Amino acid sequence: MTTDRFLPDLPDDKLARIQLEGLRWTVGHAMNNAVYAERLKKAGVSGPEDIHSLEDLQRLPFTTVEDLRDGYPLPLLCVPEKDIVRIHASSGTTGKRKVLAYTANDTANFALQMARCYEMAGLTKEDRIQIAVGYGLWTAGAGFQAGSELFGAFTIPIGPGNLDMQLQLMKDLKSTCIGCTASMALLLAEEVERKGLRDSLSLKKIIFGSEPHSLKMRQAFTEKLGVEHTYDIAGMTEMYGPGTGLNCDECDGIHYWADLFIHEIVDPHTLKPVPDGEVGELVVTSLRKEAVPLIRYRTHDLTRIVPGQCACGRRIPRHGHIRGRSDDMIIYRGVNIYPGQLSDVLNGFADVGGEYHVELTRSEGLDYMAMKVERAGGVSSDNDKNLAQAVSMELHKRIMARISVEIVDPGTLPRAFGKSKRVTDNRLE
Ligand SMILES: [Zn+2]
């Protein structure tokens, strides 16, 4: 017996039926775009009649971020431009921006996927959601807001930054949930602690957009802000925006909306599917997207499918937390290292905080990696040398990499409103 209003119930047979229907529709609809049509025909697919089962997904060509950039300004568009009701764009740090178009149905599904996240986080219409993620071209603000309104919560749209205003409105309007980046929540938590505001707040939950948080960060938020639970949201501009999935209170993976997107996990080198449970690159195929459908879109996000049913009882599949990007991967002395693995190691040490920074250098043809880690608050610096050595040994044991470690004072590493820059690579001449 479920009281879910927005979350789907997806037993295996029903899910397979929805996915096959959605895949067939998407393949047929993609034929409206010349790039898609040509590639599908080359792969021997001339329409939905060639898709007989979900296995046929393997025959379809991949789509890449270059396909979206090359088609600037309205790449892979499958509807007439008059049917577009909105666009969003990525930050575009390298090369051209990716602009993604939305039809009215697309914006409705975007709101739906976000409303499902609020429900997954255990919120109700009584909750007050403070939105401190970016607005404008960026998808986050629009998604958090439309989802919150559809869900029926008291919505407080602020946008990122401006800590004083965030704290004042949080207190005066009794926000119970905030959506922000983990870096920003850390700044807020430190400010709340400094000003002794914890008991004047009603905050219970935090939903993190765009930047997953570590166990250490979660502990800091629980202590300093008094929150009950924190959640990582999945998503990307290509998949409407944030909200394609969220962890439930069991915290064993992220439930994703498999009736909206098929998630495949492939080996980033061979592009062949990996067995359930193994880490690989997430590849997504949309099932309802109209303006810019996705066919086997390579996300470059690394994750895994979590096998089995969740202890929460919901019949909604799960993927693991995003373990970094296949292109963020550090190749150090022949070892592949994902930033998530470094956090995992630090989580095992009570005397260090969650903040770290690594620098890669090259000297006489050999690579070196140096890591700065903040000591946990209230811990004496007397033991720094031993602690650094213990962290270094554990890194070697777990990641098979020699990394020199230095312990620094809490609060000394740079904080950022957006994604923290934790890696500096100075190896290139
Ligand atoms: Zn669950």
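The structure we're discussing is the one just above.
Everything numeric in this text was worked out from a predicted model, so none of it was measured. Counting starts from 1 at the beginning of each chain's written sequence and moves along it residue by residue. Note on the predicted model: pLDDT of at least 70 is required for a residue's local features to be given, and 80 or more for side-chain atom pairs to be given and counted; whole-chain, interface and lining totals, by contrast, use all residues.

**Student:** Explanation requested: the environment of T299 in the structure shown.
**Tutor:** As for its position among the elements, T299 is in strand β12 (residues 297-303). Counting along the chain gives 58 residues from T299 to H357, while the straight-line C-alpha distance between them is 25 Å. What counts as a contact here is a pair of residues whose C-beta atoms, placed from the backbone, lie within 7 Å. Excluding anything up to four places from it in sequence, T299 contacts M236, E281, L282, V283 and V284. By definition, any uninterrupted DSSP run of H or I lasting at least four residues is a helix, any uninterrupted run of E lasting at least two residues is a strand, and each is numbered from the N terminus.

**Student:** Would you mind showing me how to read unusual backbone geometry here?
**Tutor:** Working note: non-glycine residues mostly have negative phi, and peptide bonds are mostly trans. Here Y72 and P73 are connected by a cis peptide whose omega angle stands at 5 degrees. Residue placement: P73 occurs in the loop between α3 (65-70) and β1 (86-89). Backbone geometry at K174 places phi at a positive 55 degrees, although glycine is not the residue there. Structurally, the position occupied by K174 is in the loop between α6 (163-172) and β5 (177-180). Taking the C-beta count within 10 Å as the criterion, K174 has 15 such neighbours and is therefore assigned partly exposed. We call a residue exposed when 12 or fewer other C-beta atoms sit within 10 Å of its C-beta, buried when the count reaches 20 or more, and partly exposed for counts in between; the C-beta positions come from the backbone.

**Student:** Quick question: what am I supposed to make of the packing of helix α7 (residues 182-195) against helix α8 (residues 215-225) here?
**Tutor:** A pair of packed helices is characterised by two quantities: the angle between their axes and the separation of those axes. For the pair α7 and α8, the least separation of the axes is 9 Å and the interaxial angle reads 35 degrees. Considering how the two elements wind past one another, α7 and α8 form a crossing that is left-handed. On the side of α7, the interface is formed by A182, A185, L186, A189, V192 and E193, while α8 contributes M217, A220, F221, K224 and L225. In the contact of α7 with α8, the residues fall into nine nonpolar, no polar and two charged. For helices, the fitted line uses only the C-alpha atoms of the stretch in contact; every axis is such a line through C-alpha atoms, and the angle between N-to-C directions lies from 0 to 180 degrees. By definition, any crossing whose near helix is turned counterclockwise from its far helix by less than a right angle is left-handed, and any crossing with a clockwise turn is right-handed. Only Asp, Glu, Lys and Arg are considered charged in this grouping, and only Ala, Val, Leu, Ile, Met, Phe, Trp, Tyr, Cys and Pro are considered nonpolar; every other residue, Gly among them, is considered polar.

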